[in-house]
Amino acid sequence: MRTEDLVGSLAGEVRPVRRLSSPPVRLLAWLALSLPWIALVVWYRGPRTDIALKIGEGIWLFEQSLALMTALAAGLAALCASIPGRPVWERVLPLLPLGLWLAIIVVGSIRSVVAGGAWSSLVQVDWVCLPNIASLGVVPAIAMIAFIRRGAPVSPYTTIGYAALAATALGEFGLRFFHAQDASLMVLVWQIGSVALLTVICIFFARYLFPWRIDVRTVSG
Amino acid sequence: METGTENVSLESLMQAAQAGDGSAYEHLLRSVVPVLRRQARAKWIGSIEPEDLVQDVLLSLHSVRHTYDPSRPFLPWLSAIFRRRLVDLQRRHIRKAKNEVTTDTLPETFSGDETNWLEDGQGDPDLLKSAIASLPAGQRRAIELLKIQELSLKEAAERTGMSISALKVAVHRGMKSLKQALGA
């Protein structure tokens, strides 16, 4: 088929389209879908017994704020990355809260190691974090993927990576409301580890989760 | 990526195209085709025709035209689509080259004459060409890739950005229309 003919066909078939809302508006819509789910799971599992004490604890609040900020920044970056031609800084933005969050947890872990104690007492098996974060993150992940699939897969790996990070970081944020495990090394290995693992798995399937899709009306003619 | 003096108007043309203005859309596409063609020729895409890349970009642009924000410049938006489709094409070429075996003589499928008949068979090639040309764009592209170029469904899906099921639908409808047009 000649390109000139293709141009004619596309122009002949063009129909009005509804433009995508801005990424911040879509992020709010994502939060409106995701936060009730997180609240529902926390309610179903039952908040930890020391929750009132924890909310008054500075470091716990700071870590939770960073987890939430990472989720928001990653969600915004995923939505921006699914729109062609957006500035690069939008994709770098989540690295700030993510880096700070990791730094706080790593510093806490180093302190606990320096303070001494056998590794076996510092790091215990806590497999429940992975399914917990996965179940908390499933609705935010589905919602985010539905949102970004309205965009264009110009950076599928970055987009899906940030989408998964947004969902799992939000899951981690919710997890700490009912899972009483605050030791930095445990948080680093099991909770942050689960976030990282789930994110990497999603990136691996990026091309399937976010492929190019042609307008069906163009196909059916 | 530069189009010369038409930068100012591309944004408004695209905005009009989003509102369903076919002539503005045609003007826009005709303006960007030479740019895309020049860019495609400047990039390495192996044995794949630069025109295939141009057409891929046009189809991709068409399918995601709702993502364009008129308050932002048009060309960076188009460039991002071009770069992605270029990478897709390069990857496809490399993957294909790894699995290809070149041969001087094509092997016979069966020894019988009828299975190795190279002359044109029955039918009117001109009539077939005009029947294909009259198909809608999506169906025509599907017929060309799957029936004429004999690509697999997966390859055709990668090239067009259409899903495999959409390609099946398009080729089925295309074949049905062709049969009607040819009176078969």
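Predicted model only: the values in this text are computed from it and were never measured.

What follows deals with the overall build of chain B. Looking only at helices and strands, one finds eight helices and zero strands in chain B. Ordered by position from the N terminus, the helices and strands of chain B form the series α-α-α-α-α-α-α-α. The buried share among the 184 residues of chain B stands at 32%. Considering only residue pairs separated by 6 or more positions, chain B has 62% of its internal contacts joining residues 24 or more positions apart.

Secondary structure assignment for chain A yields twelve helices and zero strands. Secondary structure elements in chain A, listed N-terminal to C-terminal, are α-α-α-α-α-α-α-α-α-α-α-α. Overall, the C-alpha framework of chain A stretches about 75 × 35 × 25 Å when taken along its three principal axes. Excluding contacts between residues fewer than 6 apart, the proportion of contacts in chain A whose partners are at least 24 apart in sequence is 86%.

This next bit is on the interface of chain A and chain B. Counting residues at the interface gives 33 residues for chain A, matched by 44 residues for chain B. Put simply, the parts of the chain that give the side of chain A that touches chain B at least two residues each are helix H1 (3–13) and helix H12 (216–220) of chain A. The element contributing the most residues to the side of chain A that touches chain B is H1 of chain A, with nine residues.

Moving on: the domain arrangement of chain B. Accessible area lost upon the coming together of the parts serves often as the stated size of an interface. All names here are of chain B. Annotation of chain B at the domain level lists domain 1 (7–98) and domain 2 (124–182). Centre-to-centre separation of domain 1 and domain 2, based on C-alpha positions: 22 Å. Taken together, the contact pairs six residues of domain 1 with four residues of domain 2. Elements supplying a minimum of two residues to the side of domain 1 that touches domain 2: helix H3 (50–63) and helix H4 (74–98).

Among the nonpolar cores identified, the biggest contains 85 residues, and Ala78, Met144, Ala163 and Ala166 of chain A are the most heavily contacted of them. Setting aside residues no more than four positions away along its own chain, Met144 of chain A makes contact with Trp30, Gly75, Ala78, Ala163, Ala166 and Ala167 of chain A. Judged by nonpolar contacts, the second largest core, of twelve residues, contains Leu135, Leu145, Ala156 and Ala170 of chain B.

Time to look at unusual backbone geometry. One non-glycine residue with positive phi stands out, namely Glu150 of chain B, at about 55 degrees. One can find Glu150 of chain B in the loop between helix H6 (137–148) and helix H7 (153–160).

Residue and element names in this part refer to chain B. Here chain B averages 82 in pLDDT, while 83% of its residues score no lower than 70. When pLDDT is averaged over each helix and strand of chain B, the minimum, 82, is found for helix H5 (residues 125–133) and the maximum, 92, for helix H2 (residues 22–42). Across the interface, the model reports ipTM at 0.83; the global pTM reads 0.76.

It is worth spelling out the packing of helix H4 (residues 58–81) of chain A against helix H9 (residues 156–175) of chain A at this point. All names here are of chain A. Following both chains from N to C, one finds H4 and H9 inclined at 155 degrees, their axes separated by 7 Å at the closest point. On the basis of their axis angle, the class for H4 and H9 is roughly antiparallel. Helix-helix and strand crossings are classified by hand; for H4 and H9 the assignment is left-handed. Taking contact as the criterion, the partners of Gln64, Ala67, Leu68, Thr70, Ala71, Ala74, Gly75, Ala77, Ala78 and Ala81 in H4 are, on H9, Thr158, Thr159, Tyr162, Ala163, Leu165, Ala166, Ala169, Leu170, Glu172 and Phe173.

All names here are of chain B. Where H6 meets H7, the axes come as close as 9 Å, and the angle between the chain directions of the two elements is 135 degrees. Overall, the two elements H6 and H7 adopt an arrangement that is oblique. The hand of the H6/H7 crossing is right-handed. Here Arg141, Ala142, Leu145 and Leu146 of H6 lie close against H7, whose contacting residues are Leu153, Ala156, Arg159 and Thr160. Split into classes, the residues belonging to the contact of H6 with H7 amount to five nonpolar, one polar and two charged.

Time to look at the environment of Arg159 of chain B. Within the secondary structure, Arg159 of chain B sits in helix H7. Sequence-distant contacts of Arg159 of chain B, defined by excluding residues within four places in its chain, comprise Asp56 and Leu145 of chain B.

Another aspect to go through is H9 of chain A. Helix length check: H9 of chain A (20 residues) gives 28 Å between terminal C-alpha atoms against 28 Å at 1.5 Å per residue, within 8%. When you tally the buried positions in H9 of chain A, you get 18 out of 20 residues, the bulk of the element.

Now for the confidence of the model for chain A. On average, chain A scores 89 in pLDDT, and the residues at 70 or more come to 94%. Least confident of the elements in chain A is H12 of chain A, whose mean pLDDT is 46; most confident is helix H2 (residues 23–45) of chain A, at 96.

What follows concerns the environment of Trp89 of chain A. Position of Trp89 of chain A among the secondary structure elements: in helix H5 (residues 89–92). Along the sequence, Trp89 of chain A and Gly12 of chain A sit 77 residues apart, while their C-alpha atoms lie 38 Å from each other.

Attention now moves to H7 of chain B. Residues and elements named next belong to chain B. Listed in full, the buried residues belonging to H7 are Ala156, Ala157, Glu158, Arg159 and Thr160. In this structure, the buried side of H7 is in contact with H3, H4, H6 and helix H8 (164–182). Two residues or fewer after H7 comes Gly161, characterised by a positive phi angle close to 85 degrees.

With that out of the way, let us pick up the environment of Leu185 of chain A. Residue and element names in this part refer to chain A. Along the chain, Leu185 turns up in helix H10 (residues 184–204). Residue Leu185 is classed as buried on the basis of its C-beta count, with 20 C-beta atoms lying within 10 Å. In this structure the C-alpha to C-alpha distance between Leu185 and Val139, which are 46 residues apart in sequence, comes to 28 Å.

Rules behind the numbers
Residues numbered from 1 in each chain as written. Chains lettered and ligands numbered in written order. Predicted model: local features only at pLDDT ≥ 70, side-chain atom pairs only at ≥ 80, totals over all residues. Helix = DSSP H or I, 4+ residues; strand = E, 2+ residues; numbered from the N terminus. Buried ≥ 20, exposed ≤ 12 C-beta atoms within 10 Å, placed from the backbone. Contact = placed C-beta atoms within 7 Å. Domains from an automatic or database assignment. Core = buried A, V, L, I, M, F, W, Y, C linked by C-beta atoms within 7 Å. pLDDT = per-residue confidence, 0-100. Axes fitted to C-alpha atoms, helices over the stretch in contact; angles between N-to-C directions. Parallel < 35°, antiparallel > 145°, perpendicular 65-115°, else oblique. Left-handed = near helix turned anticlockwise from the far one by under 90°. Nonpolar A, V, L, I, M, F, W, Y, C, P; charged D, E, K, R; others polar. Expected span 1.5 Å × (residues − 1).

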